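A structural walkthrough
For reference, the chains in residue letters:
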Amino acid sequence: MLGLGADRLRADMNRLLALLFHQGVLDEQFLQLQQLQDESSPNFVSEVVNIYFHESEKLLRNLRALLLDTELSDYKKMGIHLNQLMGSSSSIGAKRVRNVCVAFRAASEQNNRAGCLRALELLEHEYCYLKNKLHELFQIEQQRALSAGIRYPMQN
Amino acid sequence: MGLKMQSHQSLAVRLNEQMGTKRGYTLIQSYRAWLPKFLIFWVFLMAILSMFIYNGMDADNKVRRKEVLSSMCDQRARMLQDQFSVSVNHVHALAILVSTFHYYKNPSAIDQETFAEYTARTAFERPLLSGVAYAQRVVDSERENFERQHGWTIKTMKREPSPLRDEYAPVIFSQETVSYIESLDMMSGEEDRENILRSRATGKAVLTSPFRLLGSHHLGVVLTFPVYKSKLPSSPTVEERIEATAGYLGGAFDVESLVENLLGQLAGNQAFLVNVYDITNSSDPLIMYGHQNQDGDMSLVHESKLDFGDPFRKHQMICSYHQKAPTSWTALTTAFLFFVIGLLVGYILYGAAIHIVKVEDDFHEMQELKGRAEAADVAKSQFLATVSHEIRTPMNGILGMLALLLDTDLSSTQRDYAQTAQACGKALIALINEVLDRAKIEAGKLELEAVPFDLRSILDDVLSLFSEKSRNKGIELAVFVSDKVPDIVMGDPGRFRQVITNLVGNSVKFTERGHIFVKVHLAESPKAMMNGKSESTLNGVPNEDVLTSGGCQFKTLSGCEAADDRNCWDTFKHLIDDKEFRYGSSSNRVATNEEYVTLMVCVEDTGIGIPLRAQDRVFMPFMQADSSTSRNYGGTGIGLSISKCLVELMGGQISFISRPHVGSTFSFTAVFGRCKKNAFDEMKKPKSEDLPSGFRGLKAIVVDGKPVRAAVTKYHLKRLGILVEVASNIKTVTLSTKNGSVTSGRNIMHPDIVLVEKDLWISIEDGGFCVRQLDWEQNGHMFKLPKMILLATNISNAEFDKAKAAGFADTVIMKPLRASMIAACLQQVLGIGKKRQQGRDMPNGSSFLQSLLCGKKILVVDDNMVNRRVAAGALKKFGADVDCAESGKVALKKLQLPHCFDACFMDIQMPEMDGFEATRRIRQMESQANQQMNGGPAVEESTCRKGEWHVPILAMTADVIHATYDECLKCGMDGYVSKPFEEENLYQAVAKFFKS
């Protein structure tokens, strides 16, 4: 029964992943990331993703502050932040966040404050969505790991 | 919506206006109101013209008539004059006779008797004179003497004794015809007296004016001649003449009978009316002959002068026609005919013009209707497009919500309902999309993209779409793309896929057994195929032979008969031969320069076929073979018409050959752009991901009895870079390997993989053959076992177990074949093997990468923690020992010499110090160290290469453009890898440094 549960969890995970892929939230890079995870580094993906969340939240905070605080926003600094966010997003395969970043950067290069604000809104929204979904995914994976972990000794 | 409708209306109106302005008014059209007036005018013109013609001809007649008249008249006048003068001459002669014999002879030789006889006998000389008489001049003093001498008294014309006068002129001699005037005094008659006086004064013959002659009562004139007693001087005066006058000779001209006679002698007498006038007194002409009031044609008269020898008297002859000129029938007929002809011509022209006007009116009307119909059609299409679009939006909402609903916790019934609703919704969306497509195409709004795409992968995708269905039905589904077809073409991948999907979908729908075969080759190739075809028939191997000998086996993909035998092996192999020949010579034949490539795509199935009577309306929208089709198979029948439109948009044509109960073959051509070389390179990268290159150089044997199918398998394996041999049965394979792989004549390899077709295996199995008999190791060679793979369309569990037992332990590849799927299967099969042969030199794949990177110490420099972590993770996976630096400065510190790093991956975009700058500094550091080292004592040599410090630095960059690459090299980097890492890319970059 526990084995079946693991299977179901795996199916759930796959479905969730498929949905995210279908929606374009994630891309192949995430799969590559998953492939990097093996016995030597069992929590590699979640580790990386957590770093990503940590960094990204910092960046988002900075971006918001830059946009809101001063009337004369520092677009150059914003560009640097965005580049960082873009780089890390493409590393973990967060496709939609990355795309929004591209748009954001384009807006910031044109010093288009309204566009930047809009993009920031969108970026935060996408980021939250991604975060929720990935958290969901990791929860399932944890459950699966748990159930699988129980199974292994039985098998052995 | 209302706005849109309005715009449609205005469009239609505009269209009409355009038509209106465009409408070409011809000359006739613009004067249409004038046409009847033109006709009337024409009739008048004709009437006038014919009148002119009549007048012209009539005038001719008149002139002729006039000429005739004048000549006649002149002739008569001349004759009359001649006759008259002859008579006058004779009278003159008589006068001379009288003077000679009466006066110069003494006594007189003439008396009344002599005179009468002589004149009677010479009367024929004077036909015009009724008679002549001689009157003697008697002065009053001589009267008594004279009366006495002659014995009678002088009497007046009234036969009375003459009264007393100065002188008298009594007639003494007379012709018998006028004997009644003897003794009459000529001086007593008014005319005679005047005559006598005038004649003796002039000495010439003189004439009286016409008067009624005595006796005959005819009109006549009297001619009087003077007779002189003595000879006159040469130019006598009047007095001398009067003095010398002895008497007068006179004669009466009976002009009336004279002219009557004369005219009687001439022809055409009846036609003319002749009048002779004395016009001495021009105001009052006296008639001499003819009737004053005779009716005749007085419109045409001719006057001729008559000279009767008396200068005092003037005479003229007036001639005219008795009858009026007869109407000239020729002229009349000619004119009338001319008029009639003109009338007819006019009417014909008028009729033609009216007809033209009518036809043009009709034409314009039709054009207007056509325009309206077209506008309506466009409006319809636009409406359809709009409505479809409007429907699609809410439908997407419905479907999305249904998908969300399905994600929630539902009971199985609810789930079933929701799934049904979703399926229906999807079907509806599909239908709407089709209708929308159709409408878009009709409205001319569909535009094709031109982007580079990989045709083969699209075909693979389509195949995978139908793989489930075809597998369930047990149909073979295969695709084959000729090698000549370029890898990347420019076109609209979506639309191309749509057409293929539609055709294959139809085929799958209508096929229950056999195969569906999609084949793509260059449109030029069929020529080669045709050649092949004719050749095969020349060789005397008609298809029937194949049929019978093969035991109802056709040389098609599945062995079932196909509608179009172009895909059977006999022709197909020519295509491959040709291709291989091209392949061989392609080294010197660089890519063709043509800008476009025309592809021929055939989709062949062995389904129910299309009924003959339905074949001509296959491409019509909403038409299916018959109404039962939609009942049995579903569908709207719009797909093929869309396909046709799309194919035409792609510059090609679609056609089909179908035989009921045998199958259908749809083939279409499409024109695609060839890809430019650089674009091609760019494309190559992302697309090559699909097919892993790890199989390059592997060798495989395909065992398949059916050559077409074998060719398809070969094609897929070839795409993976695997060298393929085809064997028709397992025994040959066994033999060839047993005999040290020389029997086949080629330097055939020891195969890594053997792919066996399930049909073949089953048949062998039945014959008691076991694959285990392929005792590979018996031949003593040290080859490892080749992987045995079974190819199957569908396989039951029992069969699967049997296959496993028979030696196909490795895997079963399910058809339809796709390169990526084969790759996945092979990866699965060979992946296990890789670990076993780790030492083996396999220049590709992750295992090699692992061998390269294993144990190497690598520094990753990136400011982005996530990237750093990922890169580190990836490198660690390949066994590298990874250290990280979060900025250029830290990296510089870590790379202070001496260090123990084998390589450095450097991010380019970093704050403070970017990758280029960091690299430059590192290189600076190294060169200083190298100089010192060369000069000074040797340093640690563990990591230095050729006695020099040079740590390989690879740039990590997200944007792979050439400019960046150039800059990388400029600042001393050794290469670059794209970020995020790709195995292939990483391998290529790393291989350069760790090759040694």
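Please read these numbers as outputs of a predicted model, since none were measured by experiment.

Turning next to the overall build of chain B. Scanning chain B from terminus to terminus reveals 29 helices and 29 strands. Taking all 996 residues of chain B together, 46% fall into the buried category. Across chain B, contacts joining residues at least 24 apart in sequence account for 73% of those joining residues at least 6 apart.

Turning next to the side chain of His716 of chain B. All names here are of chain B. Mapped onto the elements, His716 comes out in helix α19 (residues 707–719). Here the side chain of His716 touches Val479 through a polar contact of 3.5 Å, landing on its backbone oxygen. Discounting chain neighbours no more than four positions away, the residues touching His716 are Asp460, Val479, Leu817, Arg818, Ala819 and Ile822.

Now for the interface of chain B and chain A. If you look at the interface, chain B gives 14 residues, while chain A gives 19 residues. Along the contact surface separating chain B from chain A lie 1 salt bridge. The closest approach of N and O atoms between Glu47 of chain A and Arg869 of chain B, which form a salt bridge, is 2.5 Å. Our count for the chain B to chain A interface comes out at 2 residue pairs in polar contact (both at pLDDT 80 or more).

A word on the packing of helix α12 (residues 493–510) of chain B against helix α17 (residues 639–649) of chain B. Describing two packed helices takes the angle between their axes plus the distance from one axis to the other. Residues and elements named next belong to chain B. The geometry of α12 relative to α17 is characterised by a closest axis approach of 10 Å and an angle of 145° between their N-to-C directions. Relative to α17, α12 is oriented so that their crossing is left-handed. Of α17, the residues touching α12 (which contributes Arg495, Gln498, Val499, Asn502, Leu503 and Asn506) are Gly639, Leu640, Ile642, Ser643, Leu646 and Val647. Across the contact of α12 with α17, the residue classes break down as 6 nonpolar, 5 polar and 1 charged.

All names here are of chain B. A large share of strand β22 (residues 753–757) lies buried, amounting to 5 of its 5 residues. The two faces of β22 match: Ile753, Leu755 and Glu757 on one face and Val754 and Val756 on the other face are all buried. Relative to strand β23 (residues 787–792), β22 is paired through 5 bridges, and the arrangement is parallel. Bridging from a neighbouring strand, Ile753 pairs with Lys787 of β23.

Another point: helix α5 (residues 143–150) of chain B. Residue and element names in this part refer to chain B. Among all positions in α5, only Arg143, Phe146 and Glu147 are buried. For α5, the angular spread of buried residues about the axis comes to 100°, placing them on one side. In α5, the exposed residues that point more than 90 degrees away from the buried face are Glu144, Arg148 and Gln149. As for α5, its buried residues are in contact with β1 (129–136), β2 (138–139), β3 (167–168) and β4 (171–174). Just downstream of α5 lies Gly151, where phi reads positive at about 85°.

This next bit is on the state of the cysteines. All names here are of chain B. With the rule as written, the count across this model stands at 1 disulfide over all chains. Cys73 shares a disulfide with Cys319; S-S distance 2.2 Å. Here Cys73 and Cys319 share a disulfide; its torsion about the S-S bond, 85°, makes the bridge right-handed. A residue pair is termed long-range when its members are at least 10 positions apart, and Cys73 in helix α3 (residues 35–104) and Cys319 in strand β12 (residues 315–321) qualify at 246 residues. Judged on exposure class, the residue Cys73 and its partner Cys319 are both buried.

Attention now moves to the confidence of the model for chain B. Residues and elements named next belong to chain B. Put simply, chain B has an average pLDDT of 74, and 74% of its residues get 70 or more. For the stretch residues 767–783, pLDDT sits under 50, and the model shows 26 contacts to residues farther than four places along the chain or on other chains. Segment residues 832–844 is flagged for pLDDT under 50; beyond a separation of four residues in sequence, or across chains, it makes 15 contacts in the model. Overall fold confidence for the complex sits at a pTM of 0.43, while the interface term, ipTM, reaches 0.80.

With that settled, the discussion passes to the packing of helix α2 (residues 28–36) of chain A against helix α25 (residues 865–877) of chain B. Packing of α2 of chain A against α25 of chain B brings their axes to within 9 Å, and their N-to-C directions diverge by 50°. For the element pair α2 of chain A / α25 of chain B, the angle class is oblique. In terms of crossing hand, the pair formed by α2 of chain A and α25 of chain B is left-handed. Two secondary-structure elements touch here, α2 of chain A through Leu33, Gln35 and Leu36 of chain A and α25 of chain B through Val870, Gly873, Ala874 and Lys877 of chain B. Of the residues contributing to the contact of α2 of chain A with α25 of chain B, the split by class is 4 nonpolar, 2 polar and 1 charged.

All names here are of chain B. One open sheet holds the 5 strands; their spatial order is β26-β25-β27-β28-β29, and the pairing between them is parallel. Each edge of the open sheet is held by one strand with a lone partner, namely β26 (881–885) and β29 (975–978). Direction aside, neighbouring strands of the sheet carry axes that sit 25° apart on average. Across the sheet, α25 is in contact with β25 (857–861), β26, β27 (903–907) and β28 (953–957); its angle to β26 comes to roughly 165°.

With that out of the way, let us pick up the packing of aromatic side chains. Residue and element names in this part refer to chain B. According to the stated counting rule, one finds 15 aromatic pairs over all chains in the structure shown. On the basis of an interplanar angle of 40° and a centroid distance of 6.4 Å, the ring pair of Tyr347 and Tyr350 is categorised as tilted. Taken together, the positions of Tyr347 and Tyr350, both in helix α9 (residues 329–407) and 3 residues apart, correspond to about one turn of that helix. Tyr350 gets classed as partly exposed once you look at its relative accessible area, which sits at 21%.

Reading the values: rules and limits
- Residues numbered from 1 in each chain as written.
- Chains lettered and ligands numbered in written order.
- Predicted model: local features only at pLDDT ≥ 70, side-chain atom pairs only at ≥ 80, totals over all residues.
- Heavy atoms only, no water.
- Helix = DSSP H or I, 4+ residues; strand = E, 2+ residues; numbered from the N terminus.
- Buried < 20%, exposed > 50% of the residue type's maximum accessible area, 1.4 Å probe, protein only.
- Contact = heavy atoms within 4.5 Å.
- Polar contact = N/O pair within 3.5 Å; in protein donor to acceptor, adjacent residues only side chain to side chain.
- Salt bridge = Lys/Arg side-chain N within 4 Å of Asp/Glu carboxyl O.
- Axes fitted to C-alpha atoms, helices over the stretch in contact; angles between N-to-C directions.
- Left-handed = near helix turned anticlockwise from the far one by under 90°.
- Nonpolar A, V, L, I, M, F, W, Y, C, P; charged D, E, K, R; others polar.
- Pairing = 2+ DSSP bridges.
- Arc of directions from axis to C-beta.
- Disulfide = S-S within 2.5 Å.
- pLDDT = per-residue confidence, 0-100.
- Parallel < 35°, antiparallel > 145°, perpendicular 65-115°, else oblique.
- Phe/Tyr/Trp six-rings, centres within 6.5 Å; stacked < 30°, edge-to-face > 60°.

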